[in-house]
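# Observations on the three-dimensional arrangement
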Amino acid sequence: MTAPVLQMRSITKTFPGVTALSGVDLTVRAGEVHAVCGENGAGKSTLMKVLSGVHPHGSYSGEILFGGEPAAFRDIRASEQQGIVIIHQELALIPQLSLAENIFLGNENARRGIIGWSTTLRRAAALLRRVGVPDKPQTRIADVGVGKQQLVEIAKALSKEVRLLILDEPTAALNDEDSDKLLDLILELRDQGIACILISHKLNEIRKVADRVTILRDGRTIETLTVREAPGDPADVSEDRIIRGMVGRDLDHRFPERSRYEGEDAGRTALSVSGWTVRHPVDPQRRVVDGVSLEVRRGEIVGVAGLMGAGRTELAMSVFGRSYGQYERGTLHIDGREVRARTVPEAVAHGLAYVTEDRKTYGLNLIDTINRNISLASLPKLTRRGVVDEHQERRVAEGYRDSMNIKAPTVFEQVQRLSGGNQQKVVLSKWIHADPEVLILDEPTRGIDVSAKYEIYTVIDQLAARGKAVLFISSELPELLGMCDRIYTMAAGRLTGEVPRAEATQEVLMRRMTQDDDS
């Protein structure tokens, strides 16, 4: 058996009023991919911050051995000097700098304060080849896709002679093709003797690449399972077995049973988009949404599927108050009445809501509290003579904290302190309180564990059962198949098909997502 490169023993970390980790144990062997699983708030990120020095030695109890030697990292630079590198879900790259500059940022090839550019470019080119990025080192980060950016982060880690690579949700923002490339690279690094810790909510990926998986729940180690005995072995641990460890029970169904809306206006078209065309905000010669027409009926959940760059988010944002791109033409009808939603306030006034795929940038005010975030989209409901009724605001927020199962000690907790799943529940609460007629949900479960996903699926189903119209955008085809009544497919800014639930399969959707035009 391969000797352990990392041993974390009885790690306990507390914050004021909260025990984030309680006696956690984790052992990672040299040259293995070790997955760490758990619900949002289980302690995964806190454990990695302890390991990488973000939470310095002395701020926690327990013992860390790295390479058989005691480790007492005072900051992240100290852990990197020992060969531990963490790649966060939010990439730490500067868009205006080149690939080479990003790879060696903070670790420059310099003598006497002067950067050696020939050495930098030569080493960067070799690292880019190693991770499978064909672009030149001088290419700006802003000019490559998210998939390549993730690979650049790994090249950056390799430049630091990494011994243990920690990847936090590395495929959360990637399409299937880019995800497969990244997972293949992880396996290559394993074969080169580099140990990897993989934090992911995508259980199929864990079964594909992990050798073992440690499950955390409520800040404690539940168990460590062997996924395969040796590279190339089939995965013996099922997704259901991992889920049972994560949530403490079986999830008999990944999706709630679809409820039906029985109102008098059931089946009436709530949202109709016709000929919607939008040009790129910087390059007006390029159409990012081209002649899209679709409709969503009351009580219906309608999916939108497409590969990265297909135009799904651009469509959603431009419909929601023309908040993306340069509007060219198209009409928007709500409940049969044409509306002109030229700004976000106009869109909200007409009964539209948009749950963005990027909750931290566009969906939430991270430094403000839960109650303030929930009230943001519907302040007129909570004001008297222009002044917010803070008692009513608190009561509303507490109601949603209970009904949405938002895990927080009080509604005065800062949103940035919440897990991703609980942050998403706050975003949904904000828009539900606004009482829209049409909800556009853009990747509503990205980066969220299976238990929190089920809770959010249930909320979405309940909204449809109340007669709301839901447009559901997702990169996860099983999610669309499990939740939607119909699914539109997009490619290169155009609709390429409409598939009813009874005929929808992953193969059918993928075939239409790769078409050039409607057929």
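Residues numbered from 1 in each chain as written. Predicted model: local features only at pLDDT ≥ 70, side-chain atom pairs only at ≥ 80, totals over all residues. Heavy atoms only, no water.

A few words now on the packing of helix H4 (residues 117-131) against helix H5 (residues 146-158). Where H4 contacts H5, the two axes come as close as 9 Å, and the packing angle between them is 120°. Classified by the interaxial angle, the pair formed by H4 and H5 is oblique. For the pair H4 and H5, the crossing hand works out as right-handed. Contact residues: H4 offers Leu-127, Leu-128, Arg-130 and Val-131, while H5 offers Leu-151, Val-152, Ile-154, Ala-155 and Leu-158. (Axes fitted to C-alpha atoms, helices over the stretch in contact; angles between N-to-C directions. Helix = DSSP H or I, 4+ residues; strand = E, 2+ residues; numbered from the N terminus. Parallel < 35°, antiparallel > 145°, perpendicular 65-115°, else oblique. Left-handed = near helix turned anticlockwise from the far one by under 90°. Contact = heavy atoms within 4.5 Å.)

Attention now goes to the sheet that holds strand E6 (residues 84-87). Two modes of strand pairing occur in sheets, parallel and antiparallel, and in both the strands are linked by backbone hydrogen bonds. One open sheet holds the six strands; their spatial order is E6-E9-E10-E3-E11-E12, and the pairing between them is mixed. Edge positions in the sheet fall to E6 and strand E12 (220-226), since each of these pairs with one other strand and no more. Between one strand and the next, the sheet's axes are offset by a mean angle of 20°, whatever the strand orientation. As judged from the four bridges shared by strand E3 (residues 33-37) and strand E10 (residues 195-199), these two strands associate in the parallel manner. Across the sheet, the residue bridging to Val-36 is Ile-199, located in E10. (Pairing = 2+ DSSP bridges.)

Further remarks concern the packing of H5 against helix H6 (residues 176-191). Close contact between H5 and H6 brings their axes to 9 Å; oriented N to C, the two are set at 15°. It follows from the interaxial angle that H5 and H6 lie roughly parallel. Two packed elements cross with a definite hand, and for H5 against H6 that hand is right-handed. Of the residues in H6, those touching H5 at Gly-147, Gln-150, Leu-151, Ile-154 and Leu-158 are Asp-178, Leu-182, Leu-185 and Leu-189. Its residues placed into classes, the contact of H5 with H6 shows six nonpolar, two polar and one charged. (Nonpolar A, V, L, I, M, F, W, Y, C, P; charged D, E, K, R; others polar.)

A few words on unusual backbone geometry. Its identity as a non-glycine residue notwithstanding, Ser-10 has a phi of 50°, on the positive side. Note that Ser-10 resides in strand E1 (residues 4-15). With a relative accessible area of 42%, Ser-10 lands in the partly exposed category. Residue Asp-218 is not a glycine yet carries a positive backbone phi of 55°. Mapped onto the elements of the fold, Asp-218 is located in the loop between strand E11 (212-217) and E12. Using a relative accessible area of 57% as the deciding quantity, one classes Asp-218 as exposed. (Buried < 20%, exposed > 50% of the residue type's maximum accessible area, 1.4 Å probe, protein only.)

Right, let's get into the packing of aromatic side chains. Scanning the entire structure with this criterion turns up four aromatic pairs. Sitting above the plane of the Tyr-327 ring, Arg-322 keeps its charged end 3.7 Å from the centroid. (Phe/Tyr/Trp six-rings, centres within 6.5 Å; stacked < 30°, edge-to-face > 60°. Lys NZ or Arg CZ within 6 Å of the ring centre and 35° of its normal.)

All right, on to the nonpolar core then. For soluble globular proteins, nonpolar side chains are generally found buried alongside one another. By size, the foremost hydrophobic cluster in this structure holds 77 residues, and its most contacted members are Trp-276, Leu-294, Leu-332, Leu-352 and Phe-472. Looking at this core, you find at least three residues from each of domain 3 (268-351 + 436-451 + 465-518) and domain 4 (359-435). In this structure, Ala-124, Leu-127, Val-213 and Met-246 belong to the second largest nonpolar core, which totals 50 residues. (Core = buried A, V, L, I, M, F, W, Y, C linked by side-chain atoms within 4.5 Å. Domains from an automatic or database assignment.)

On to the domain arrangement of the protein. Split by domain assignment, the protein resolves into domain 1 (4-83 + 162-247), domain 2 (97-160), domain 3 (268-351 + 436-451 + 465-518) and domain 4 (359-435). Summarising the inter-unit geometry, the C-alpha centres of domain 1 and domain 2 are found 26 Å apart. The partner domain 2 presents eleven residues to the 15 residues of domain 1 that form the contact. Both faces considered, domain 1 and domain 2 share a buried interface measuring about 1,100 Å² in area, 65% of it formed by carbon and sulfur atoms. Together, Glu-80, Val-162 and Leu-185 form the three largest contributors to the area buried by domain 1 at its contact with domain 2, with a combined 37%. Between domain 1 and domain 2 we count one salt bridge in total. The salt bridge partner of Lys-160 is Glu-80, with a shortest N-O separation of 3.2 Å. Here domain 1 and domain 2 share four residue pairs in polar contact (both at pLDDT 80 or more) between them. Contributions of two or more residues to the side of domain 1 that touches domain 2 are made by helix H2 (76-81), strand E9 (164-168) and H6. It is H6 that contributes the most residues to the side of domain 1 that touches domain 2, five residues altogether. A per-class count over the side of domain 1 that touches domain 2 returns ten nonpolar, one polar and four charged. (Buried area = accessible area lost by both parts, 1.4 Å probe. Salt bridge = Lys/Arg side-chain N within 4 Å of Asp/Glu carboxyl O. Polar contact = N/O pair within 3.5 Å; in protein donor to acceptor, adjacent residues only side chain to side chain.)

Turning our eyes to something else, we now look at the environment of Ile-215. On the secondary structure map, Ile-215 appears in strand E11. The buried category is assigned to Ile-215, whose relative accessible area is 0%. For the pair Ile-215 and Arg-244, spaced 29 residues apart in the sequence, the C-alpha separation amounts to 9.9 Å. Sequence-distant contacts of Ile-215, defined by excluding residues within four places in its chain, comprise Cys-37, Arg-220, Thr-221, Ile-222, Glu-223, Leu-225, Ile-242, Gly-245 and Met-246.

This part is about the pairing of strand E18 (residues 352-355). Residues Leu-352 and Tyr-354 of E18 are buried on one face, and the alternating residues Ala-353 and Val-355, pointing to the opposite face, are buried as well. Inspection of the sheet shows E18 paired to strand E21 (residues 438-442) by four bridges, in the parallel sense. Counted as the bridge partner of Leu-352 is Val-438 from E21.

Most of helix H9 (residues 312-319) is tucked away: seven of the eight residues are buried. Of the residues flanking the end of H9, it is Gly-321, one or two places downstream, whose phi is positive at about 70°.

Right, let's talk about H6 for a bit. For H6, spanning 16 residues, the distance from its first C-alpha to its last is 23 Å, which sits close to the expected 22 Å at 1.5 Å a residue. If you check which residues of H6 are buried, you get Ser-179, Leu-182, Leu-183, Leu-185, Ile-186, Leu-187, Leu-189 and Arg-190. Summarising the contacts, the buried residues of H6 are in contact with E3, H4, H5, E9, E10 and helix H7 (203-209). Positive phi appears at Gly-193, one or two residues downstream of H6, with a value of about 95°. (Expected span 1.5 Å × (residues − 1).)

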